[in-house]
Amino acid sequence: MADKKKLLLIDGNSVSFRAFFAMHNVLDKFISGDGIHTNALYAFNNMLDIILKDEKPTHALVAFDAGKTTFRTEMFSDYKGTRAKTPPELMEQLPLIQEMLNLRGIKTYELKNYEADDIIGTLSREGEKDGMDVTIITGDRDLTQLTTDKVTVKVNIKGVTETEAYTPTHVKEKLGITPEQIIDMKGLMGDNSDHYPGVEKVGEKTAIKLLNEYGTMEGLYEHVDEMKKSKLKEHLINDKDQAFLSKKLATINCEAPIEVKLADVEYQGDNQEQLIQFYQKMSFNSFLEKMDVDTGETQAELPEIKFAELDAEAAKKIASSNKTQTLIVESLGENYHISPIIGLAVESEGNFYATTDVTILEDANFKSWLADGKKEKYVFDNKKTIALLNRYGCEFNGVSFDMLLVSYLLDTNNNKTDIGIVAQNYGHNLPNADEFYGKGTKRAIPEDEKVLMNFLCQKAQIINELHDKMMQELKDNDQDSLYDEIELPLSIVLASMEIKGVTVEAAKLKEMENSFAERLNTIEQKIYQEAGEEFNINSPKQLGVVLFEDLKLPVIKKTKTGYSTAVDVLEKLKDKSPVVQMILDYRQISKINSTYAIGLQKFIQQDNKIHTIYQQTLTQTGRLSSIDPNLQNIPIRIDEGRQIRKAFVPKHPDWEMFSADYSQVELRVLAHISGDENMQEAFKEDYDIHAHTAMRIFGLDTTDDVTPDMRRKAKATNFGIVYGISDYGLSQNIGITRKEAAQFIENYFEQYPGVKQYMDDIVKFARENGYVETIMHRRRYLPDIHAKNFALRNFAQRTAMNTPIQGSAADIIKVAMINMQKKIKDENLQANLLLQVHDEMIFEAPKEEIPILEKLVPSVMDSAVKLDVPLKVESAHGKTWYEAK
DNA sequence: CACGTCACG
DNA sequence: ACGTACGTGACGTGA
């Protein structure tokens, strides 16, 4: 089969479009020497590398649209009438994309009066006839109509590097119709983005149903008169002409008068020399480097840097320099609180020093340089560096540039804790940890320590190279104070919280584990008895069979893989069988036992403490996250789970736990940024906000008339508003009809017109700017705000509404944490800030300090940021975290 | 390694 | 007609 011919056809326009929006957030970072944007070019080429490797085509062609008018616009003048104009930043890249494709040995082609689809359709049929396997790459699902046993259509999903492969079987599975029926479906349902109508009120679902019954549109219309009288029938008859026209428009012409022959499109491979010149012109460093190392292992091919041993002599030089120096402290394990340092590197005044001998950390000169806050340093991941050095008895201060933090602030998606990956995102070709050390069982430190040392020096060099550019971008985005005053100082606070750790009594957890195990046993036996068989209750699959097949309970919801057995489903089945409540109980206890009672014990270290890791550069909103273990989701809502908090204690028996939380920060933030007068008034007057909302949306005169149920619904509505509300979501949440929910929302917006205005404005802002931001200028890019796909676009809109709220609340508590840490130091308190749970800080402190904290902490928290409404803080204390409520 | 489920704000 | 609340992490199951 070695001579099997393979034809690759790419829809140039739709893939370029996809490529452009996939990298829209870095639009301004990708500019060639002569000022032309290159983001789509870059993404297209990335995709091409992957495709060529996967497909190994013998023949290839990329088809483009020739212009606005085609045989379709002749048939229907408004074809693609509402399609947004191609952005000029993409327009200027299209000729470059064609040029690059030609340099990569791939022919491009366009034909007057025809679309790229028609060229692809025609060639794919010719290829098939010639016995070739054909693969089509496109961003447009319409092309799936071309699928046959020989022709696979791969549609880009999530940007351009991933595709979904459509074979006739996959089309059948996904849509329930054959590829040939797709044009009938399109005819019936029309196409919004190409702007041609189908039959009114007929969408994908209805169209597929009709086709399953009648086969084709022609078959359907032969029998339309026999249909029962219905709205659907009326619409079908009224829109018959439109439907047939739309079918024609949707049909790809597989007999276009193309002039290229299969023999003309043989894949030539790269034109090395000219391609290198082209990449240089575009400043595509990573592609250039890839070409050089194409033949061998990346590891061996890593360029060599000149470096000396980081020894006492080097340390002396480093310590005496007053220049900014770059430090790499390398560890390899999963968890930097446990894994050892395997090497260090320093760049100093243009010289590189590296070592794998950690005894350098005992050198007095080196130690004092590390600790000296006046000696300026660059690093990648300050928090991790502080924590690692701390375990070797070294203090670490003086960082001005943390490349990880900056890359995250510039784009929350560029948040990988691996310098290699971040460097790659900036177009530099540094291997990431998987590439350098190997993956899974193959992971190992290189035998030749020089190889490792060289790698660490490379890291230091990349940090230096990217510093100016990244800091300038931060300034351009008006994010320098977010970095200088919040994230960088916070990394030091978080390091100290992680290092201190929280004391957890293993014995207490063990005791709970035993009692839970006993109860689980009892419930388990009862369930088996009731069900009449033994099975694995923890397996949703087995449980589904027992509940819905053996016990024949009604199916409420299905998941992709089978019956849903989630809580909301089981709640509805409670009165149908006693086994349901038992399963709910079993689930609850089993969760608490495995995740917390048993799970947490594994993380208690020699010092009786748990040292979590706060991820500072992960979330898309600016919140922290906590891993290994997650200490931000310790149970509280149900008392059985809440008991777990009794194991969290202060480090000395006569100390106490102290906690303080913001009350309704997110709603207060919303009142502030929306400027809504009614909501602001409620907070200024310190009303019960949910009761106040209830009074307003139910049209009452006073909050005295608000019933608990009204308050509950108003509270849910307030939450919904913060999340970017939909009537369906709200109706599900509080168990009312969708109509009622819609009415609620309407009332809400009438009562809080400023909130309505904010929701509209922020979505508009996102559409115009491609991102939204918080009060401290934290950014989140939302490329999907332009998505064609309804669900994606709606999701982006809700995110646009929610992110400034959730993100500004995150900004506020971060400021409070930094200020609090400083106060503790200034006032010489022994209290330790240990945990943060999004709107709450948890401390341990000597009993005598509790009265001080009760005043100090709320005042620091409510004055962290000045808003148009007051911030409110509540605090509590007790012998364990359980009692500090 | 993906999925379903469920713990938190 | 579409398919839904926003943000997280960890566990057990089963391909």
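Residues numbered from 1 in each chain as written. Chains lettered and ligands numbered in written order. Predicted model: local features only at pLDDT ≥ 70, side-chain atom pairs only at ≥ 80, totals over all residues. Heavy atoms only, no water.

The name that an unreviewed UniProt entry assigns to chain A is DNA polymerase I, with the source organism given as Companilactobacillus mishanensis. What UniProt states about chain A under its Function (unreviewed entry) heading is, verbatim, "In addition to polymerase activity, this DNA polymerase exhibits 5'-3' exonuclease activity." (UniProt positions renumbered as here; feature names shortened; annotations may be inferred.)

What is the right way to read the overall build of chain A from this model?
Scanning chain A from N- to C-terminus turns up 37 helices and 23 strands. Since a compact globule built from 885 residues should have a radius of gyration of about 29 Å, the 32 Å found for chain A is in line with a globular shape. Split into buried and exposed, the 885 residues of chain A put 53% on the buried side. Taking contacts inside chain A between residues at least 6 apart in sequence as the whole, the part at least 24 apart equals 67%. Between the averaged position of the 107 positive side-chain charges in chain A and that of its 139 negative side-chain charges there is a distance of 3 Å. (Helix = DSSP H or I, 4+ residues; strand = E, 2+ residues; numbered from the N terminus. Rg over C-alpha atoms; globule rule 2.2 N^0.38 Å. Buried < 20%, exposed > 50% of the residue type's maximum accessible area, 1.4 Å probe, protein only. Contact = heavy atoms within 4.5 Å. Lys, Arg positive; Asp, Glu negative; His and termini not counted. Charge placed at Lys NZ, Arg CZ, Asp CG, Glu CD.)

Is there a simple way to explain the protein's contact with DNA strand B in this structure?
Of all residues adjacent to DNA strand B, which total 22 residues, the nearest are T565, K591, I636, R637 and D839. Of all DNA strand B atoms lying within 4 Å of any protein atom, the proportion belonging to sugar or phosphate reaches 79%. Between DNA strand B and I636, the relevant distance is 2.7 Å, taken from a phosphate oxygen to a main-chain nitrogen or oxygen of the residue. Within the side chain of Q806, an N or O atom sits 3.5 Å from a base nitrogen of DNA strand B. Broken down by element, the surface near DNA strand B gets its largest block of residues, 4 residues, from helix α27 (residues 578–601). (Near = heavy atom within 4 Å. Polar contact = N/O pair within 3.5 Å; in protein donor to acceptor, adjacent residues only side chain to side chain.)

Explain the UniProt feature "domain: DNA-directed DNA polymerase family A palm" (unreviewed entry) in chain A here, please?
When the UniProt feature table is mapped to this numbering, "domain: DNA-directed DNA polymerase family A palm" (unreviewed entry) covers residues 641–849. Structurally, residues 641–849 is divided into 58% helix and 13% strand, and its ends, taken at the C-alpha atoms, are 29 Å apart.

Help me understand the pairing of strand β18 (residues 655–662) in this model?
In the case of a regular strand, side chains alternate between the two sheet surfaces. Burial analysis of β18 places 7 of its 8 residues in the buried class, which makes it a mostly covered element. In this sheet, strand β22 (residues 840–846) lies alongside β18 in antiparallel orientation, the contact comprising 7 bridges. Within the sheet, the bridge partner assigned to A660 lies in β22 and is M841. Bridging between β18 and strand β23 (residues 873–878) involves 6 bridges; their strand directions are antiparallel. (Pairing = 2+ DSSP bridges.)

Even after reading the chapter, I still don't get unusual backbone geometry, so can you show me in this structure?
Most peptide bonds are trans, and most residues other than glycine sit at a negative phi. Across the junction of D628 and P629, the peptide omega takes the value -5°, indicating a cis bond. For P629, the position within the fold is in the loop between β16 (625–627) and α28 (639–642). The residue K201 is not glycine, and still its phi comes out positive at about 65°. Its location among the elements puts K201 in the loop between α8 (182–189) and α9 (204–214). In this structure, N828 is a non-glycine residue whose phi angle is positive, near 55°. For N828, the position within the fold is in the loop between α36 (790–826) and β21 (832–836). Of the residues examined, N828 reaches a relative accessible area of 69% and is grouped as exposed.

It is not clear to me how the pattern of salt bridges should be interpreted in this structure. Could you clarify?
Any two side chains of opposite charge can pair if their charged atoms end up close together. The tally for this structure, following the rule as stated, stands at 31 salt bridges. Across the pair R104 and D49 runs a salt bridge, and its minimum N-O distance is 2.8 Å. Placement of R104 in the loop between α5 (94–103) and β3 (107–110) and of D49 in helix α2 (residues 39–55) is noted, with a sequence separation of 55 residues between them. A relative accessible area of 6% places R104 in the buried class. Residue E640 pairs with R519 through a salt bridge whose shortest N-O separation is 2.8 Å. Taken together, the positions of E640 in helix α28 and R519 in helix α24 (residues 506–531) put the pair 121 residues apart, joining distant regions of the chain. On the basis of relative accessible area, E640 is assigned to the partly exposed category, the value being 27%. Among the charged side chains, a network of salt bridges with common partners joins E487, R778, D811 and K814. (Salt bridge = Lys/Arg side-chain N within 4 Å of Asp/Glu carboxyl O.)

What is the right way to look at the protein's contact with DNA strand C in this model?
K205, N536, S539, S625 and F790 are the nearest of the 39 residues found near DNA strand C. At the protein interface, 62% of the atoms of DNA strand C within 4 Å belong to sugar or phosphate. Looking at the surface near DNA strand C, the elements that each hand over two or more residues are α25 (540–550), α27, β16, α32 (708–723), α33 (727–734) and α36. A total of 7 residues in the surface near DNA strand C trace back to one element, the largest contributor, which is α36. A breakdown of the residues in the surface near DNA strand C according to their chemical character gives 9 nonpolar, 21 polar and 9 charged. (Nonpolar A, V, L, I, M, F, W, Y, C, P; charged D, E, K, R; others polar.)

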